[in-house]
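Each chain, written out:
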Amino acid sequence: MQIIDGKATADEIKKEIAIEVAEMKASGQKTPHLVAILVGNNGASETYVANKVKSCEELGFNSTLLRFDTTISESELLDEVKKVNDNDDMDGLIVQLPLPDHINPDKIMETIDPRKDVDGFHPINIGRMAKGLPAYISATPQGVLDLLERYNIETSGKHCVVVGRSQIVGLPMSILMQRNLKIGNCTVTLTHSKTKDLAEVCATADILIAALGRPEFITEKFVKEGAVVIDVGLTRVEDSTKKSGFALKGDVKYDEVAPKCSYITPVPKGVGPMTIVSLMKNTLLSAKGVIYSK
Ligand code: NAP
């Protein structure tokens, strides 16, 4: 069994990005610029956005954090998004979710210029991804693809079972794993809360990707001997032994499942660190005009 070290892989990719950005700057090209919009002061969102800003600093990107009170109206927030769309210096825009109840997240996402949608949530990017056209791919699924690639895991012809069909993880993951590309060409089964006999279905997977948000739900009986197990789940559970008062748990019962796997991602330090790296990669692609020409 081999542990897939997401932290080490993310650090490696970060170094590659930092070198490329330094070269871009030295040759007089523009510095990639990521903008994050944060509404309110939800604790987890604050941490996620702070980590994204910190990554920008580490990699030599410019970043702008636009903070708004929860009293901001939907139309005011839409105006802020449009201002970023119109600013040629700004390459990527992310709006941290969740938003307050009076703001429709779909409306906000659809107002982001698809050419700056480095989270890959805009319907145009999702549609282009499904058609196999150049697109910003949502960060977490892209991180999983990079892990599979960097660990030289064969995917072609394999049966991949994805658990969870969310717009940001499970659904794009299932589309990506069936594409006719180096990491792809799987026969994919997409499962969800209404799937019958989930454990039996999962136990037929050569590659099992768990993204359901139920801590330690995937036990030994869900996993075939020799399977590759990717644990996207990340849930805070109370833990009085920790200084913070909580521990992060994945969707996979690691100790029980790991001995059966050929490869497995741990939690933390598995898929998690790759997500921010993918966001940075998308911002770099935007600055270079790779996906959509400038
Ligand atoms: P989500 O929007 O809540 O979607 C969960 C999906 O899992 C839904 O499709 C749901 O089915 C399915 N599901 C829930 N319970 C199930 C069960 N008992 N059996 C089978 N399917 C079940 O969650 P998400 O945003 O995709 O996130 C999933 C997990 O990944 C969370 O723990 C989240 O924190 C984590 N995550 C991690 C990262 C990272 O950077 N590592 C990034 C994003 C998300 P229905 O559609 O039928 O309701």
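Conventions we followed
Residues numbered from 1 in each chain as written. Predicted model: local features only at pLDDT ≥ 70, side-chain atom pairs only at ≥ 80, totals over all residues. Heavy atoms only, no water. Domains from an automatic or database assignment. Axes fitted to C-alpha atoms, helices over the stretch in contact; angles between N-to-C directions. Helix = DSSP H or I, 4+ residues; strand = E, 2+ residues; numbered from the N terminus. Parallel < 35°, antiparallel > 145°, perpendicular 65-115°, else oblique. Contact = heavy atoms within 4.5 Å. Nonpolar A, V, L, I, M, F, W, Y, C, P; charged D, E, K, R; others polar. Pairing = 2+ DSSP bridges. Near = heavy atom within 4 Å. Polar contact = N/O pair within 3.5 Å; in protein donor to acceptor, adjacent residues only side chain to side chain. Areas by Shrake-Rupley, 256 points an atom, 1.4 Å probe, with all protein chains shown as cover. Disulfide = S-S within 2.5 Å. Buried < 20%, exposed > 50% of the residue type's maximum accessible area, 1.4 Å probe, protein only. Salt bridge = Lys/Arg side-chain N within 4 Å of Asp/Glu carboxyl O. Right-handed = clockwise from strand over helix to strand, strands pointing away. Expected span 1.5 Å × (residues − 1).

### Points about the domain arrangement of the protein chain
Phase 1 of the analysis: Domain annotation for the protein chain reports domain 1 (25-117) and domain 2 (139-273).
Phase 2 of the analysis: Relative to domain 2, the C-alpha centre of domain 1 lies at a distance of 28 Å.

### Things to note about the packing of helix 6 (residues 139-150) against helix 10 (residues 272-288)
Phase 1 of the analysis: Orientation of helix 6 relative to helix 10, taken along the N-to-C sense of each, is 105 degrees, at an axis distance of 8 Å. Comparing their axes, helix 10 and helix 6 come out roughly perpendicular. Taking contact as the criterion, the partners of A139, T140, Q142, G143, D146 and L147 in helix 6 are, on helix 10, M274, T275, S278, L279 and K281.
Phase 2 of the analysis: Here the contact of helix 6 with helix 10 is composed, by residue class, of four nonpolar, five polar and two charged.

### A look at the sheet that holds strand 7 (residues 207-210)
Phase 1 of the analysis: Taken in spatial order, the six strands line up as 1-11-8-7-5-6 in an open sheet, and their pairing is parallel. Only two strands of the sheet have a single neighbouring strand rather than two, namely strand 1 (2-3) and strand 6 (187-191).
Phase 2 of the analysis: Pairing of strand 7 with strand 8 (residues 228-231) involves four bridges; the strand directions are parallel. Following the sheet pairing, A210 is matched in strand 8 by D231.

### A short note on the site of the ligand
Phase 1 of the analysis: Around the ligand there are 21 residues in total, and R165, S166, S193, L234 and T275 lie nearest to it.
Phase 2 of the analysis: At a separation of 2.5 Å, an oxygen atom of the ligand approaches a polar side-chain atom of S166.
Phase 3 of the analysis: Within the contact set of the ligand, a nitrogen atom lies 3.3 Å away from a side-chain nitrogen or oxygen of R214.
Phase 4 of the analysis: For the ligand, whose unbound accessible area comes to 930 Å², protein coverage reaches 71%.
Phase 5 of the analysis: Each residue belonging to the shell around the ligand can be placed in one class, and the counts come to nine nonpolar, ten polar and two charged.

### Remarks on the side chain of H122
Phase 1 of the analysis: Here H122 lies in the loop between helix 4 (105-111) and helix 5 (123-131).
Phase 2 of the analysis: Residues contacting H122, with those up to four places away along its chain left out, are M109, E110, I112, P114 and D117.

### Let's talk about the state of the cysteines
Phase 1 of the analysis: Enumeration according to the criterion identifies zero disulfides in this entry.
Phase 2 of the analysis: C261 takes part in no disulfide bond, and the closest cysteine sulfur, belonging to C202, lies 12 Å away.
Phase 3 of the analysis: Of the residues examined, C261 reaches a relative accessible area of 5% and is grouped as buried.

### Observations regarding the pattern of salt bridges
Phase 1 of the analysis: A complete count under the given rule lists 17 salt bridges for this structure.
Phase 2 of the analysis: One network of salt bridges, with partners in common, ties together E12, E16 and R150.

### Quick look at the sheet that holds strand 4 (residues 92-95)
Phase 1 of the analysis: If you walk across this open sheet you meet the three strands as 3-2-4, and the pairing is parallel. One side of each edge strand has no neighbouring strand; the edge strands of this open sheet are strand 3 (62-68) and strand 4. In this sheet, adjacent strand axes meet at a mean angle of 15 degrees when their direction is disregarded.
Phase 2 of the analysis: The strands touched by helix 2 (residues 43-59) within the sheet are strand 2 (33-39), strand 3 and strand 4, with strand 3 carrying the most contacts at an inclination of about 160 degrees.

### Concerning the pairing of strand 3
Phase 1 of the analysis: Bridging between strand 2 and strand 3 involves seven bridges; their strand directions are parallel. By the bridge assignment, I37 is partnered in strand 3 with L66.
Phase 2 of the analysis: Remark: the strand 2/helix 2/strand 3 crossover connection has right-handed handedness.

### Describing helix 6
Phase 1 of the analysis: Between its first and last C-alpha, helix 6 extends 16 Å over twelve residues, near the 16 Å set by a 1.5 Å rise per residue.
Phase 2 of the analysis: Among the twelve residues in helix 6, ten count as buried, and that is most of the element.
Phase 3 of the analysis: Regarding helix 6, the residues found buried are A139, T140, P141, Q142, G143, V144, L145, D146, L147 and L148.
Phase 4 of the analysis: Check the buried side of helix 6 and you find it contacts helix 1 (6-26), helix 7 (170-178), strand 7, strand 8 and helix 10.
Phase 5 of the analysis: One or two positions beyond helix 6, positive phi appears at N152, with a value near 50 degrees.

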